[in-house]
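# Examination of the molecular architecture
Letter by letter, the chains look like this.
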Amino acid sequence: DGFVALYVNFETGKAVISPDSAATLDAAAGALKAAGDLRVEVAGHTDNVGTPEANLKLSQDRALAVMTALVERGVKADRLTAKGYGQTAPIADNRAEDGRAKNRRVELVKKQP
C-alpha cells in the first residue's frame, strides 16, 4: 500500500534507538538499497501519553533518528525525509497498552516521484 511500519524500540520518552532494533534497521536499509530510486518519508508516530506538543517533537526526533540510522547503513540521504506526526494518526486503541504499543511506530511511506 505504499508504506511499511517499523517497530523500532527507543528509550522511553527519548529518540535514542535501542540496540535490539539493529536487525530491523538493517533489513529496512537493505530493502531501500535494493529499490534504488525509491524515495520515502520516515514518519514518526506516538501514542497519546503526554501532551500533543511533546509527542509531536518526540515523533519528529524519532523519525530523524531512524533516518540517520538508515543513512549510516548506506541509504542515500537525498532519498529520505523525516516528519513527525505525534499522536495524530493512531492505528490502534490508545486505551490499552497493546494498542499504545502499536501506535508507537515509524513508517516508511513511499513518496511520489
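In this text, all values refer to a predicted model and were calculated from it rather than measured experimentally. (Residues numbered from 1 in each chain as written. Predicted model: local features only at pLDDT ≥ 70, side-chain atom pairs only at ≥ 80, totals over all residues. Heavy atoms only, no water.)

What follows concerns the side chain of Ser 21. Here Ser 21 lies in the loop between strand S1 (3–6) and helix H1 (22–34). For Ser 21, a relative accessible area of 0% puts it in the buried group. One polar contact links the side chain of Ser 21 to the main-chain amide nitrogen of Asn 9, over a distance of 2.7 Å. Beyond its immediate chain neighbours, meaning those up to four positions away, Ser 21 contacts Val 8 and Asn 9. (Helix = DSSP H or I, 4+ residues; strand = E, 2+ residues; numbered from the N terminus. Buried < 20%, exposed > 50% of the residue type's maximum accessible area, 1.4 Å probe, protein only. Polar contact = N/O pair within 3.5 Å; in protein donor to acceptor, adjacent residues only side chain to side chain. Contact = heavy atoms within 4.5 Å.)

Here the focus is the nonpolar core. Residues Leu 32, Val 42, Val 66, Leu 70, Leu 80 and Leu 108 are the most contacted members of the largest nonpolar core, which totals 20 residues. Listing elements by their share of this core, those giving two or more residues are H1, strand S2 (40–45), helix H2 (52–72), strand S3 (80–84) and strand S4 (105–110). Looking at which element gives the most residues to this core, the answer is H2, with 6 residues. Ignoring anything within four residues of it in the chain, the contact list for Val 42 reads Ala 63, Val 66, Met 67, Leu 70, Leu 80, Thr 81, Ala 82, Lys 83, Val 106, Glu 107 and Leu 108. (Core = buried A, V, L, I, M, F, W, Y, C linked by side-chain atoms within 4.5 Å.)

The strand order across the open sheet built from 4 strands is S1-S4-S2-S3, with neighbouring strands paired in mixed fashion. Each edge of the open sheet carries a strand with a single partner, namely S1 and S3. Taking the axes of each pair of neighbouring strands and ignoring which way they run, one obtains an average angle of 20° across the sheet. Bridge count for S1 against S4 is 4 bridges, and the pairing is antiparallel. Bridge pairing in S4 places Ala 5 opposite Glu 107. (Pairing = 2+ DSSP bridges. Axes fitted to C-alpha atoms, helices over the stretch in contact; angles between N-to-C directions.)

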